[in-house]
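If you want the building blocks of each chain, they are given just below.
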Amino acid sequence: MAETKEEPRIGVFICHCGTNIAGSISIEEVKKYAETLDGVVVADEYQYMCSTPGQSMIIDAIKEHNLNGIVVAACSPRLHEPTFRTATQEGGLNMFRFEMANIRDQNSWVHMHDWEGATEKAKDQVLIAVAKARMLEDLQPKSVPVEHSALVLGGGVGGMQAALDLASAGIKTYLIEKAPTVGGRMSQLDKTFPTLDCSQCILTPKMVDVGRHPNIELRTYTEVEKVEGYIGNFTITLRKKARGVLDPTEALERGIVGGGCNGCGDCAEVCPVIKPNPFEMGMAPRKAIYIYHPQVMPLLYTIDFDSCVKCGLCVDICGPEKRAIDLDMVDTFEEIKVGTCILAIGYDYIPIEQKKEWGYKRFDNVITGLEFERLICASGPTGGHLIRPSDGQTPMKVGFVLCAGSRDNTGGVNKPYCSRFCCMYSLKHAHQIMEKIPGAVPYLFYMDIRSFGKMYEEFYYRIQNEGAKFIRGRVANILEDPITKNLIVNTEDTLLGRPVSMEMDMVVLAAAVQPTPESEKIRQMFGVSKSQDGWLLEAHPKLNPCGTTTAGIYLAGVCQGPKDIPDTVAQAEGAASAASIPIHTGEVQLEPYFAQCMDDICAGCGLCLQQCPYGALDLIEKNGRTVMEVTEAKCKGCGTCGGFCPGGAIKMQHFTSPQICAQIDAFLLKGGE
Amino acid sequence: MTDENWNPKIIAIICNWCSYAGADLAGGARVQYPPDVRAIRVMCTGRVDPLFIMKAFQDGADGMLISGCHFGDCHYLEGNYKCAKRMFLVKNLLKNIGLDDNRLRMTFVSASEGAKWGAVMEDVVKTVKELGPSPLKKYER
C-alpha cells in the first residue's frame, strides 16, 4: 500500500493501426466506453499510435491533463511496449506507468468477421488495462554491468565467423566445439556452389585464424554442462572431455618441458585398434587414437576411450620427451563468465534409411549427399575417384533424388520444410561427375529446383547446358538388380505425365536436414524456444533473426533453420554484432519485476525458498523476527514465489496480487457491485 | 438452460514468453477463434496464485484457462511445472465446492504454436458453453 495514494488520472489511447484494428472493431465505441471508466480523464484515438504524432499525443496529454497512468490499446506489448514506455517517460512520467491492451494481435486479427464480439472484447481489454493502470507504481529499471567476454557454441563455419568477429572487436571469446577439431560440416565438403571453390581451401584459413587469434579461447572436445545467470553475467560450466592427449601447454603445466602432442602421428601408426572414421562417413578407417583429417585445428590427437584397449603402444612410441599421452585422463570442468552467448550448433541429417522405399543401407549403391562429397573429394577415402561401393567400378549413370525427406509429410519422416541447400549441392554434384568422368550422365529427380541465391540460377543453367538430365517427379521407389547391383529408379515424370523407370549405376539421396540430437538439451539449458519444426526459435522472424527471447542469447547458422554457407556466415556476423552491443555498452537495463518481501506480513515459514529456481531467496533475522529476503541480482521476476506464498507476503513488482485481482474483478464485476 | 446467445465469461492467465507469444502468432497468422476469452499477461504461470483462480470463480467466471510453456521450455526453468502442480490442488478445491473442475484448464502453448492457441480457444469456449453458466452466479448479490 502506497502511503500517499494519489487519485488515478489515466489517459487511454486507441490505435486504428490503419484498418488492422479499425476494420474489425468500432474504435468510436471503445473510445466512448473508455471515457466512462473510473479514473480515466482523457480518451483519444489515432490512425497510428506508434507514429511520431501518435506518440506526441501521449506526451502532450500527460502534460495537459496531468496524467499518472497511460493505457494504449493497440498491438502486442511484445512489439510496441518499449516505444510507448519511452513516450510515457518523455511526457515526464515513470515509464512503468504504462499498460497496453492488445486489441490487434489478440483481437481484431483473430475475430475479423465478428464486429460486435471483437468490439465487446476490446472494451473489456481496455477495462482490464485501465484497472491495472490505476494501480501502477513508479519503478526503476535495474542496470547491471556486462562481462567483457562472449561464448560461441559450435565451431563450424558460422561459429568460427562469429568468434572471429567478436574477437576482432576486442572481446574475449570462448569458442566451444564438441568435436576434436573446429571446421564442422563445411570441412567435410569437397567444393562449394556456385563458385566451385574448394571447401577446405576457403575454410582452413578461418580455422587457422581461430586457433591463433589472441582474443579467442578455443575449447575443442568440450561441451557445455551448465548455464547459470542472465544477460551480462552468464556463468557457464564446461566439460572438457578426456582427450587422453596433452597439448604443449597442458604438458608444461605438468612439468614436461617441451612436451605435449606435436601431431607427428607416430601413435596412430602403432595403434592396433581400427574403427570407421566418422569424418569420412565411415568409409575410411581410423585408429583409436586419431585425427579427423590433416588440417585439424588444433593439431592434436584424440583417444577414443570407447574403443581404446589401453595397450600402451602409443605411450611408448610417443616417448619420454613428449609424454603427450595420458591413458588415465578424466573429464575436467571449467567455469567461465561471459556477457553474451551465440549458439551455432549446426544440424544433422535425417536417418534417410527410414524412407525404406529408397533402399539406403539396403542397397550398396544408394548413398547420401554427404557420402558423395567424401567420395568425390581429392582428400577423401578414394582420393577423389568416384566409385560404386558395391564393386569399385566408376558409375556412368548417376541418379540424384532431391527433396529426399524434405517437403515431405509422409513416411514417418515428416519434414515439411525445404532443406534449402540440397538443390544447389546436387547441381554441384552433377557438375562434378561430368567434369571428372567423361561420358557420365547425371539424372536429377526433382520436385522444384530452388536456385534462389546470387548466381545460383545461372549455375542451374550451366549444369543444364553441360548435359545433366532433369526429371520432374518424386521418386516412388528404388529397386536393386541383385546381380549387377544396378538400381532401378521408378518415378513419374510429371512433365510428360507418365511413369518412368530408369536403370542407374548409383543413386545419391539429398537427405533432409534436422536439428542435432543435442539441440534439445542445449536449448533448454540456454532457455531458447524451438519452432514447430524443432529448429531454434529466433526472437522475430523478420526483424530479429539473430536474437532469441532470452536476452543475451543469439543464434547463427542452420540451428535456427536450414541455410547455405553464405547465409550462415551472414547470420553469424549479424549475431556477433548483436552479441557485441551489450558488451561494448558495458551495462544492460533489466526490467525491475523483482520479488519483494513485505516484512510485516511475512511469517518466516520459508516455503518460498523451495519455489525459487535461482536461489534468490533467503531467511534472515530482522528486528527480532525471521523474514524472507530477496537477492535482487539473482531474482528474474518469474513470480513463482509470489504465486505460492501462503500469507501473500511477497510482492511481485509490476505484477502484484492487487493488480492482477483488480484485472480479474474489472472484467467480471465490471467495476460494479 | 444455456441459450444460444449466451456468451461465457472466461479469463485466461497466460505467460509472457510462450502462450502470450503463441497468441500473438495466432494473430499474425489470422487464426480465427471465438472472442469470449479475456487474457491477463503474467511473466510466468508460476505467478498464478490459486487465490486468483478462486477469486475469479467467486466473481462469477464461467471458466478459466492457465496457459504456459511446455515442460522443459519454461523461461524461468520450472515455473510452469510448479503451476501445474498447484492446478491439482485447485481442481480438487473446485470439486469440493461443487464446481465442475473442467471449468479450469491448464494448457501448454509455445511461442511457435499459433494454430494450437486457436484450437485451445475453440475448445475452452466449447467446453465452458457445454457446462453452462457458473452455478456460483446464482449466489451473486
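Shown above is the structure to which this text applies.
Just so you know, these numbers come straight off a predicted model, no measurement behind them. (Residues numbered from 1 in each chain as written. Chains lettered and ligands numbered in written order. Predicted model: local features only at pLDDT ≥ 70, side-chain atom pairs only at ≥ 80, totals over all residues. Heavy atoms only, no water.)

### Quick notes on the pairing of strand 7 (residues 172-176) of chain A
Residue and element names in this part refer to chain A.
So, point 1. Counted residue by residue, strand 7 has 4 buried out of 5 residues, so it is predominantly covered.
So, point 2. Sheet analysis places strand 6 (residues 149-153) next to strand 7, joined by 5 bridges and oriented parallel. Looking at the pairing, Leu153 lines up with Ile176 of strand 7.
So, point 3. The β-α-β motif built from strand 6, the intervening helix 6 (residues 157-168) and the parallel element strand 7 has right-handed crossover chirality.
So, point 4. Alignment of strand 7 against strand 10 (residues 216-219), held across 4 bridges, turns out to be parallel. Across the sheet, Leu175 pairs through a bridge with Leu218, a residue of strand 10. (Buried < 20%, exposed > 50% of the residue type's maximum accessible area, 1.4 Å probe, protein only. Helix = DSSP H or I, 4+ residues; strand = E, 2+ residues; numbered from the N terminus. Pairing = 2+ DSSP bridges. Right-handed = clockwise from strand over helix to strand, strands pointing away.)

### Regarding the interface of chain A and chain B
So, point 1. At the junction of the two partners, chain A supplies 56 residues and chain B supplies 53 residues.
So, point 2. Both faces considered, chain A and chain B share a buried interface measuring about 4700 Å² in area, 56% of it formed by carbon and sulfur atoms.
So, point 3. Considering only the surface of chain A that becomes buried against chain B, Arg78(A), Gln106(A) and Leu668(A) emerge as the three largest contributors, covering 13% of it.
So, point 4. One salt bridge in this structure joins Arg41(B) and Glu81(A), with 3.0 Å as the shortest N-O distance.
So, point 5. Inspection of the chain A/chain B interface yields 22 residue pairs in polar contact (both at pLDDT 80 or more).
So, point 6. Taken together, the elements giving at least two residues each to the side of chain A that touches chain B come down to helix 3 (77-90), helix 4 (104-108), helix 5 (115-133), helix 14 (519-526), helix 16 (608-611) and helix 17 (657-669) of chain A.
So, point 7. In terms of residue count, the dominant contributor to the side of chain A that touches chain B is helix 17 of chain A (9 residues).
So, point 8. When its residues are assigned to classes, the side of chain A that touches chain B shows 19 nonpolar, 23 polar and 14 charged. (Contact = heavy atoms within 4.5 Å. Buried area = accessible area lost by both parts, 1.4 Å probe. Salt bridge = Lys/Arg side-chain N within 4 Å of Asp/Glu carboxyl O. Polar contact = N/O pair within 3.5 Å; in protein donor to acceptor, adjacent residues only side chain to side chain. Nonpolar A, V, L, I, M, F, W, Y, C, P; charged D, E, K, R; others polar.)

### What to know about helix 13 (residues 456-466) of chain A
Residues and elements named next belong to chain A.
So, point 1. Listed as buried for helix 13 are Tyr456, Phe459, Tyr460 and Ile463. With its buried residues spanning 105° around the axis, helix 13 presents them on a single face.
So, point 2. Looking one or two residues beyond helix 13, the residue adopting positive phi is Gly467, at roughly 115°. (Arc of directions from axis to C-beta.)

By themselves, these are just geometric observations and shouldn't be taken as functional.
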